[in-house]
Amino acid sequence: MTKLCVLGLGYIGLPTAAIFATNGFEVLGADINPHLVDTVNRGRLPIEEPGLKTVVNAAVNSGNLRASTEPAEADVFLIAVPTPLTEDKKADLSYVISAAESIVPFLRRGNLVILESTSPPGTTRDRLTPILERSGLKAGAGLLVAHSPERVLPGRIIKELIQNDRVIGGVDRESAEAAKALYQKVCEGQIYTTDATTAEMVKVMENTYRDVNIALANELAKICESIGISAWEVIRLANRHPRVNLHWPGPGVGGHCLAVDPWFVVEKTPDIAQIIALSRRTNDGMPEHVAARVASLLPDVPEPKVAVLGVSYKGNIDDARESPALGILAGLRRRGIDFAIYDPHVRDFEHDLSGLTEAFSGADCVILVADHEEFKFLHPQQIGRRMRTRILLDTRHFLDHRLWREHGFEAHVLGERPCPSNF
Ligand code: SAJ
């Protein structure tokens, strides 16, 4: 039985470990967090993700998945640790480096080491390999080293881990082929091989493509607000063209991928990557734009209060880290605007969360930030009754504005100004 040691049991490491374990691999999941290790060994889940519970339970019950705070000898080592941003927008590779250092004593000839964590182009070759070679083995001559970035969408992780195509880069052809053969045991998608640095660039450019396009949509939203038409209508109609795919504006870009990865390209070539850096700044400016718009909508009342719907970085997930909601709330606070938050998914948040009725009571404005499906079922009549002033700002063009207007709301939408007529 092939032994796999997965380093990092987070959003990617845990599902990956569980999928390999349910496909007949003997998997050790190593994580520095003892609480997380204990949670996994009990077959419990540290995160909310459709389908994950079933796979983790099956993996733990089969005896093929075990978690520990220490790595151990294995045939394959798979590094899936975070690569966050430093204050000055550079990749913090400290988790990758310490994970790599932790496996050096266990490396044997013929082992395959795979970096799954999204990293700046060049990391596998220039940063990871030299650490692994402290074992006395040589990459490309007895030690196999590859980069195999995940491409899964939070909320669809299990499905996409199995079904998505993958791009795998090796420090040499043999490494790439060995990693391909491994993933073919559990993946149904096509697997394309290349060199490690190209694979790193492919991964960061996928998210950069999306970030730059969202920046374009956000810029369009502000232009439309300024000239008095709807960006949503412009996008809907422009996308009827067979070669146009405008993205959607919103309150900002959150999560650990789109808001982070483009900086990994900028870090390498700051003088060249100008559109990428400007797009990042455009998207980072959206929460402040939303806060300013809220302030401009509020009636002249003492101690205005806002009800915030949804604080995760996008709809239908529980993840609120690096959510645009944080910037919006900071902007409201700076303006002396009080707020209450309702989010049916998020449990862990920097600010207090309220119950549904409590959030609306006495509020002067509702802002929809995350487009959770449940919010479609909120009835404006019941909500309006609890509020002091009936104003809505929908930052995702998500709610039925006509219905809200019928119930006495002044309904505003990001990317539109003024309230459009019922054309
Ligand atoms: N967003 C917009 N407008 C849009 C699309 C998204 O404002 O038109 C916002 C979302 O609300 C959210 C942010 O962008 O705040 C990111 O959301 P997302 O759904 O685009 O992506 P992530 O960060 O959840 O996952 C991405 C995916 N990458 C691509 O689609 C190219 C996923 O496949 C990657 O595996 C993941 O990053 C990752 O881990 O890198």
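From a predicted model like this one, the values you see are computed outputs, not experimental measurements.

## Brief notes about the nonpolar core
Ranked by size, the top nonpolar core spans 41 residues in total, and within it Phe-20, Val-27, Leu-65, Ile-114, Leu-182 and Tyr-183 carry the most contacts. Non-local contacts of Tyr-183, meaning those with residues more than four positions away in its chain, are made with Phe-20, Leu-78, Ile-114, Glu-116, Ser-148, Arg-166, Ile-168 and Ile-191. Grouped together as the second largest cluster of nonpolar side chains are 34 residues, Val-81, Leu-137, Val-265 and Val-266 included.

## Some remarks on the site of the ligand
Around the ligand lies a shell of 21 residues, among which Glu-150, Lys-203, Arg-210, Tyr-313 and Arg-396 are the nearest. Measuring from an oxygen atom of the ligand, one finds a backbone N or O atom of Val-152 at 2.7 Å. With respect to the ligand, the side chain of Lys-314 contributes an N or O atom lying 2.8 Å from an oxygen atom. For the ligand, whose accessible area on its own is 770 Å², the fraction buried by protein is 88%. Taken atom by atom, the bulk of the ligand overlaps the second largest pocket. The element that contributes the greatest number of residues to the shell around the ligand is helix H8 (residues 196-227), accounting for five residues. Considered class by class, the residues forming the shell around the ligand number nine nonpolar, four polar and eight charged.

## Some thoughts on the packing of aromatic side chains
On inspection of all chains with the given rule, the structure shows five aromatic pairs. Centre to centre, the rings of Tyr-342 and Phe-375 are 6.2 Å apart; their planes meet at 50°, and the pair counts as tilted. One end of the pair, Tyr-342, is in strand S11 (residues 338-342); the other, Phe-375, is in the loop between strand S12 (365-368) and helix H15 (380-386), with 33 residues separating them in the sequence. The class of Phe-375 is buried, set by a relative accessible area of 1%.

## Regarding the layout of surface pockets
Space inside the second largest pocket adds up to approximately 840 Å³. When residues in the lining of the second largest pocket are grouped by element, the largest group, six residues, is from H8. Across the lining of the second largest pocket, the residue classes break down as 12 nonpolar, nine polar and nine charged.

## Re a nonpolar patch on the surface
On the surface, Ile-223, Ile-227, Ile-229 and Val-234 cluster together to form a nonpolar patch covering roughly 330 Å² of accessible area. The residue Ile-223 is located in helix H8 in this model.

## Some points on the side chain of Asn-218
The topology assignment puts Asn-218 in helix H8. The buried category is assigned to Asn-218, whose relative accessible area is 0%. Here Asn-283 takes part through its side chain, which lies 2.9 Å from a polar atom of the side chain of Asn-218. Setting aside chain neighbours within four positions, we find Asn-218 in contact with Pro-249, Gly-250, Asn-283 and Met-286.

## What about the pattern of salt bridges?
When the charged atoms of two side chains lie near each other, side chains of opposite charge can form a pair. Scanning all chains against the criterion turns up 19 salt bridges. With its nearest N and O atoms 3.4 Å apart, the salt bridge here joins Glu-133 to Lys-138. Take Glu-133: its relative accessible area is 25%, and that puts it in the partly exposed class. Between Arg-321 and Asp-319 there is a salt bridge; the shortest N-O distance is 3.4 Å. Exposure remark for Asp-319: the relative accessible area of 5% places this residue in the buried category. What emerges from the salt-bridge pattern is a single network uniting Asp-211, Arg-280 and Asp-284.

## Topic: the pairing of S12
On S12, burial covers both faces: Cys-365 and Ile-367 on one face and Val-366 and Leu-368 on the other are all buried. Here strand S10 (residues 305-309) pairs with S12 via four bridges, running parallel. What sits directly across from Val-308, in S12, is Ile-367. Relative to strand S13 (residues 391-394), S12 is paired through three bridges, and the arrangement is parallel. Counted as the bridge partner of Val-366 is Leu-392 from S13. Taken together, S12, H15 and S13 constitute a β-α-β crossover, and its handedness is right-handed.

## Let's talk about helix H7 (residues 173-184)
Since the α-helix turns once every 3.6 residues, residues separated by three or four places project in the same direction. In this model H7 runs 16 Å from its N-terminal to its C-terminal C-alpha over 12 residues, within 8% of the 16 Å that 1.5 Å per residue would give. Where H7 is concerned, the buried positions are Ser-175, Ala-176, Ala-179, Leu-182 and Tyr-183. Buried positions in H7, seen along its axis, are confined to an arc of 125° and lie on one side of it. Among the exposed residues of H7, those oriented more than 90 degrees off its buried face are Arg-173 and Glu-174.

## Re the pairing of strand S8 (residues 166-170)
Along S8, five of the five residues are buried, which leaves the element largely enclosed by surrounding structure. Taking every second residue as pointing to the same face, both faces of S8 are buried, with Arg-166, Ile-168 and Gly-170 on one and Val-167 and Gly-169 on the other. Taken together, the two bridges between strand S7 (residues 142-147) and S8 define a ladder with antiparallel strand orientation. Along S8, the bridge assignment pairs Ala-146 with Gly-170. The handedness of the S8 to strand S9 (residues 191-195) crossover, carried by H7, is right-handed.

About the criteria used
Residues numbered from 1 in each chain as written. Predicted model: local features only at pLDDT ≥ 70, side-chain atom pairs only at ≥ 80, totals over all residues. Heavy atoms only, no water. Core = buried A, V, L, I, M, F, W, Y, C linked by side-chain atoms within 4.5 Å. Buried < 20%, exposed > 50% of the residue type's maximum accessible area, 1.4 Å probe, protein only. Contact = heavy atoms within 4.5 Å. Near = heavy atom within 4 Å. Polar contact = N/O pair within 3.5 Å; in protein donor to acceptor, adjacent residues only side chain to side chain. Areas by Shrake-Rupley, 256 points an atom, 1.4 Å probe, with all protein chains shown as cover. 1 Å grid on protein atoms, 1.4 Å probe; cavity = no way out; pocket = protein on both sides within 12 Å on 5 of 7 lines; lining within 4 Å. Sits in = over half its atoms within 2 Å of the grid points. Helix = DSSP H or I, 4+ residues; strand = E, 2+ residues; numbered from the N terminus. Nonpolar A, V, L, I, M, F, W, Y, C, P; charged D, E, K, R; others polar. Phe/Tyr/Trp six-rings, centres within 6.5 Å; stacked < 30°, edge-to-face > 60°. Points joined across faces, edges and corners; volume = space filled by probe spheres on them. Patch = residues over 30% accessible without salt bridge, like charges linked within 9 Å, V, L, I, M, F, W, Y side chains within 5 Å. Salt bridge = Lys/Arg side-chain N within 4 Å of Asp/Glu carboxyl O. Pairing = 2+ DSSP bridges. Right-handed = clockwise from strand over helix to strand, strands pointing away. Expected span 1.5 Å × (residues − 1). Arc of directions from axis to C-beta.

The values reported here are purely geometric and, on their own, carry no functional implication.
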